[in-house]
Every structure is written in C-alpha cells, then in structure tokens.
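Here is what each chain is made of, one letter per residue.
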Amino acid sequence: MDKILDIDNIDLKIISLLNEDAKTPYTEIAKKVFVSSGTVHVRMKKLEDMGIVKSATLNIDFSKLGYDISAFLGIYLEKSSLYDTVIEKLKTISEVVSAYYTTGNYSIFAKIICRDTNHLRFVLDNIQKVEGIDRTETLIVLEESINRPIQFFDKEK
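Presented here is an overview of the structure given in this document. Nothing here was measured: the structure is a model prediction, and the numbers come from that model.

**Side note on the overall build of the protein**
Move 1: Summing up its helical and strand segments, the protein has 5 helices and 4 strands in all.
Move 2: Over its C-alpha trace the protein gives a radius of gyration of 20 Å, far above what one expects of a compact globule, namely 15 Å for 157 residues.
Move 3: Principal-axis analysis of the C-alpha atoms gives the protein an extent of 55 × 40 × 25 Å.
Move 4: Relative to its full complement of 157 residues, the protein shows a buried share of 31%.
Move 5: Within the structure as shown, the protein displays about 11,300 Å² of accessible surface, and the carbon and sulfur contribution to it stands at 51%.

**Some remarks on the side chain of Glu 95**
Move 1: With respect to the helices and strands, the residue Glu 95 is situated in the loop between α4 (83-90) and β2 (96-101).
Move 2: Nearest to the buried, unbridged Glu 95 among oppositely charged side chains is Arg 115, at 5.3 Å.
Move 3: A distance of 2.8 Å separates a polar atom in the side chain of Glu 95 from a polar atom in the side chain of His 119.
Move 4: Each residue touching Glu 95, except ones within four places of it in the same chain, is listed here: Lys 111, Ile 112, Ile 113, His 119 and Val 123.

**With respect to the pairing of strand β3 (residues 108-114)**
Move 1: Among the 7 residues of β3, 6 are classified as buried, and the element is accordingly described as predominantly covered.
Move 2: For strand β1 (residues 69-77) and β3, the ladder comprises 7 bridges, and the chain directions are antiparallel. The residue of β3 that forms the bridge with Phe 72 is Lys 111.
Move 3: Bridging between β2 and β3 involves 5 bridges; their strand directions are antiparallel. When the bridges of β3 are listed, Ser 98 appears paired with Lys 111.

Criteria and thresholds
Residues numbered from 1 in each chain as written. Predicted model: local features only at pLDDT ≥ 70, side-chain atom pairs only at ≥ 80, totals over all residues. Heavy atoms only, no water. Helix = DSSP H or I, 4+ residues; strand = E, 2+ residues; numbered from the N terminus. Rg over C-alpha atoms; globule rule 2.2 N^0.38 Å. Buried < 20%, exposed > 50% of the residue type's maximum accessible area, 1.4 Å probe, protein only. Areas by Shrake-Rupley, 256 points an atom, 1.4 Å probe, with all protein chains shown as cover. Lys, Arg positive; Asp, Glu negative; His and termini not counted. Salt bridge = Lys/Arg side-chain N within 4 Å of Asp/Glu carboxyl O. Polar contact = N/O pair within 3.5 Å; in protein donor to acceptor, adjacent residues only side chain to side chain. Contact = heavy atoms within 4.5 Å. Pairing = 2+ DSSP bridges.

Okay, structure coming up:
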C-alpha cells in the first residue's frame, strides 16, 4: 500500500491521458499537464518500476480482421483447487483473450474471440476437454456498447 503514497495528481493525469491513447507523445502530454516532457518520461519510468504501468496496448477492432464473434464463458470447475491447473491450460488456447477468477456462479469468467460459429464451436469443444472443468456457459456478445479506461479526473476540471 505504501507505493500508492508515491502517486500524485500529475502521475494520475499522465496515466489518464495515456490510458485514452497510449500513442500520445510525451511532449503533448507535458503540455496538457503543464510539466516538461522530461518530467513525463521520469514519471512514466517511476510508474513502470512500481508496476503500476505494465504495458501499452492497442484497441483492436477484431471484426475487421475476420474475428466476428466475441463471447464470454462462465466456467464451472470440478473443484476450486484446480484453478491454477485449468488457467494454465486456458493460457494455451489463443482465442481465450482474458480470464478472471471470480466469486458468484462461475469459478472462471473468460472472454474468447472467434472467426465464426464453427470456430466458436471448435474452441468451446477444446475448452470443455480441459481436465478440471465441470461445465461451461457461453454468452455471445451482440454489441460492445462501452469499452473505455477508468477516468481518474473529470475532463472539465
């Protein structure tokens, strides 16, 4: 928890701006935050060293690459003690793009991306063969209405 104390409003503003667009040049961020680009660079290095900033990612429209189906998968485990084993197997299935250990009905909640329904069926068959998985429930995404980073500051302030 002590690491949080090393974060100030300038750090949070830098994070917020880069969270909106990771390709924003440090010089542009510096102008918006009213510091030098060198300060932005030093602050980013500090945030990376602290493990707060892990990487910069792209926001990809997978449908334009031929992957038209996104689905969420609720995974029931035979026993919760099998979580580590199951998650290691799921990591080998490239269509599984994220997975979470959760409370509630499912032990694991995962997101998968597939080309079409035949590909989805193939991926689901592979997932359901993973030792330790009892059963799954699939929820196909019809539309992604919100996909945004958390806002640390109100843009109007």
